[in-house]
Amino acid sequence: MLSADSVYSQSYSEFHWSIPEHYNIAHDVCDKWADGSGRLALIQQGPDGQVKRYTFDQLKAWSDSLAAAWQAQGIQAGDRIAIFLAQGLETALAHLATYKIGAIAMPLFTLFGTDALRYRLNDSGASTLITDQQGLGTLLPLREHLPQLKYLYQSDSQKDQEQALSLWQAIAAHPEPAPRTLNTRADDPAVLIYTSGTTGSAKGALHAHRVLLGHLPGVEMSHNFLPTGEGLMWTPADWAWIGGLLDVLLPAWHHGIPVLAYRFPKFDAQATWKLMSEHGVTHTFLPPTALKMLRRSQWSREQWPLKLQSIASGGESLGAQLLDWAKQELGITINEFYGQTECNMIVSSCSAWFPGQAGKIGKAVPGHKVAIVDDQGQIQRTGVEGHIAVQAPDPVMFLGYWQKPDATREKFVGDWLLTGDKGMQDEDGYIQFVGRDDDVITSSGYRIGPGPIEDGLMGHSSVAMAAVIGVPDPERTEVVKAFIVLKEGVEPSQALVKEIQEHIKRRVAAHEYPRQIEFVDALPMTTTGKVIRHALRKLSQ
Ligand code: ATP
Ligand code: MG
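Residues numbered from 1 in each chain as written. Chains lettered and ligands numbered in written order. Predicted model: local features only at pLDDT ≥ 70, side-chain atom pairs only at ≥ 80, totals over all residues. Heavy atoms only, no water.

- The name given to the protein in an unreviewed UniProt entry is Acyl-CoA synthetase, with Alcaligenes aquatilis as the source organism.

1. Side note on the overall build of the protein
Point 1. The number of helices and strands found in the protein is 16 helices and 27 strands.
Point 2. Taken over C-alpha atoms, the radius of gyration comes to 23 Å for the protein, in line with the 24 Å a tight globule of 541 residues would show.
Point 3. Counting over 541 residues, the protein shows a buried share of 58%.
Point 4. Counted over contacts in the protein with a minimum sequence separation of 6, partners at least 24 positions apart contribute 67%.
Point 5. In the form shown here, the protein has an accessible surface area of approximately 22,000 Å², with 48% of it arising from carbon and sulfur atoms. (Helix = DSSP H or I, 4+ residues; strand = E, 2+ residues; numbered from the N terminus. Rg over C-alpha atoms; globule rule 2.2 N^0.38 Å. Buried < 20%, exposed > 50% of the residue type's maximum accessible area, 1.4 Å probe, protein only. Contact = heavy atoms within 4.5 Å. Areas by Shrake-Rupley, 256 points an atom, 1.4 Å probe, with all protein chains shown as cover.)

2. Considerations on the site of ligand 1
Point 1. Near ligand 1 lie 20 residues; those nearest to it are Thr198, Thr199, Thr341, Asp421 and Lys530.
Point 2. At a separation of 3.4 Å, a nitrogen atom of ligand 1 approaches a polar backbone atom of Ser317.
Point 3. Measuring from an oxygen atom of ligand 1, one finds a side-chain N or O atom of Lys530 at 2.6 Å.
Point 4. Contact with the protein chains hides 94% of the accessible area of ligand 1, taken as 640 Å² for the molecule alone.
Point 5. Among the secondary structure elements, those contributing two or more residues to the shell around ligand 1 are strand E14 (335-340) and strand E22 (431-436).
Point 6. With five residues, E14 is the single largest residue contributor to the shell around ligand 1.
Point 7. Counted by class, the shell around ligand 1 contains four nonpolar, ten polar and six charged residues. (Near = heavy atom within 4 Å. Polar contact = N/O pair within 3.5 Å; in protein donor to acceptor, adjacent residues only side chain to side chain. Nonpolar A, V, L, I, M, F, W, Y, C, P; charged D, E, K, R; others polar.)

3. Some details on unusual backbone geometry
Point 1. The omega angle of the peptide bond from Ala392 to Pro393 is 0°, so this bond is cis rather than trans.
Point 2. Within the element layout of this structure, Pro393 appears in the loop between strand E18 (386-391) and strand E19 (400-401).
Point 3. Of note in this structure, Glu176 is not a glycine but carries a positive phi near 40°.
Point 4. Within the fold, Glu176 resides in the loop between helix H7 (167-172) and strand E8 (189-194).
Point 5. On the accessibility criterion, Glu176 (78% relative accessible area) is exposed.

4. Considerations on the UniProt feature "domain: AMP-dependent synthetase/ligase" (unreviewed entry) in the protein
Point 1. Under the UniProt annotation, "domain: AMP-dependent synthetase/ligase" (unreviewed entry) lies at residues 38-402.
Point 2. With 30% helix and 23% strand, residues 38-402 has end C-alpha atoms that lie 39 Å from one another. (UniProt positions renumbered as here; feature names shortened; annotations may be inferred.)

5. A short note on the packing of aromatic side chains
Two aromatic rings, taken as a pair, are described by how far apart their centres are and by the angle between their planes.
Point 1. Scanning the entire structure with this criterion turns up 21 aromatic pairs.
Point 2. When the centroid spacing of 6.0 Å and the interplanar angle of 50° are considered together, the rings of Phe225 and Trp353 count as tilted. Of this pair, Phe225 sits in the loop between helix H8 (211-222) and strand E10 (233-234) while Trp353 sits in the loop between strand E15 (343-348) and strand E16 (360-364), and the two are 128 residues apart along the sequence.
Point 3. Aromatic rings pair up to connect Phe225, Trp353, Phe354 and Tyr430 into one cluster.
Point 4. Directly above the aromatic system of Phe354 lies the positively charged group of Lys363, at a separation of 4.5 Å from the ring centroid. (Phe/Tyr/Trp six-rings, centres within 6.5 Å; stacked < 30°, edge-to-face > 60°. Lys NZ or Arg CZ within 6 Å of the ring centre and 35° of its normal.)

6. With respect to helix H11 (residues 288-296)
Point 1. Of all nine residues in H11, seven are buried; the element is thus mostly enclosed.
Point 2. Considering only its buried residues, H11 is in contact with helix H10 (269-279), strand E13 (310-313), helix H12 (320-330), helix H14 (450-458) and strand E25 (463-473).

What follows is the structure, encoded as structure tokens:
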């Protein structure tokens, strides 16, 4: 089916995975670089602006000690260790030590409130949790509702306290532990990450150590191939999400590239420009929402010169507006990629390899068999809409939903994992993302994805943010409704509604224009910055 340029099809057919039987993420991302040479691993900028640097040698020594401490404590392989911390040194150490003892790391986003924490901690049955003073403030009132949680560690205290043990005291108590062989199997579970919860309640996706190897080709493509050991990678996406952990932190360290850690209390465009400029960030993953906020902000080349070489973006539709903006303002073609917590980085653009196409999420990444299939798992002809699906087995694919065998089974038709997203493929192999199953709008017999309309709206000079849904209509089944956040200083009016409608008719398609427009102050977003369209649908009932 792929008749793309020769480089692509050649590499596609020649690609083969080399997944060893035994493989451990901590060895691959840290210990293999810890040769006493002082190679830089992590630059951390604190809230006070103070910058600290850490080497792979230090990370290996500290994570060895922490692993020994946890084993002495009785924490075992297979136990779930919750990491309720923002980007930073202790977060990385907790991940490394978890992998070293064959336990399962369960990252938790620091903005989670009590309900989200309680659900994930009880669902996973985590025995251990690492957090800081601030996290303890959220967690301690919940303690009596978390019967399976045995050990609580605090990352920012030097001494054990009544409420929690000190992570650094545990490390200090086990200096230079005996060398350990990290002989987990590539298929052994390593990470439990919950999905974003965009369509309902979040599900725990359990991944094996091999998930990192499965990510590498896609990460490489989305950054126009990564140079070993050079540059500096950073993302505002927290390492608690698959995008921060497995698209940035761990792949960067696999390649020996240092990573910048910075914890945003709240995403801030000006702080982002400053941070990337001051540290000379070369490769970054910026989700579309972050890009939209950067586009709205002021940036001057003179004030904040950048060393950026690549920007990868995914998690939501990117759209032509952001692509054009980055090309013009930053001189960079953003590489859009596509994936999900259960099976990530399977489609990507790569401007160094083939020209990107606005509205297309890229081509199947070599190593992954991605196709458009119907409900029965039959591959669709090019140009026909269907499920975006990935064929098992695949190293990047999850082991299953945590203790939800039925949900895991329902995710597959035969050996095809159905992503729950609709798409189309053209004869050159480019895949177009149409929309999530529930978000595709049926109007007067047309099937309309929200992405291109939202992108068109973003192209109007008065629009800051936009989201599009279908609302029931007796005549047309559904009609398109747009929720719009206007740019500062712009007043809503009937004339503006008309103008925006005309703009979409002209720019996108006459049959796709939003018959209903509602101006709002903000859009409902997940903690990962994705628009929750089902909340908008509820609002419109
Ligand atoms: P939940 O599964 O809990 O409802 P979620 O699907 O948002 O939440 P994630 O696994 O974080 O959780 O997100 C993956 C989804 O994000 C994909 O299935 C797809 O719908 C969307 N997505 C990812 N990349 C892109 C992209 N490039 N363009 C459009 N949508 C994307
Ligand atoms: Mg999902």
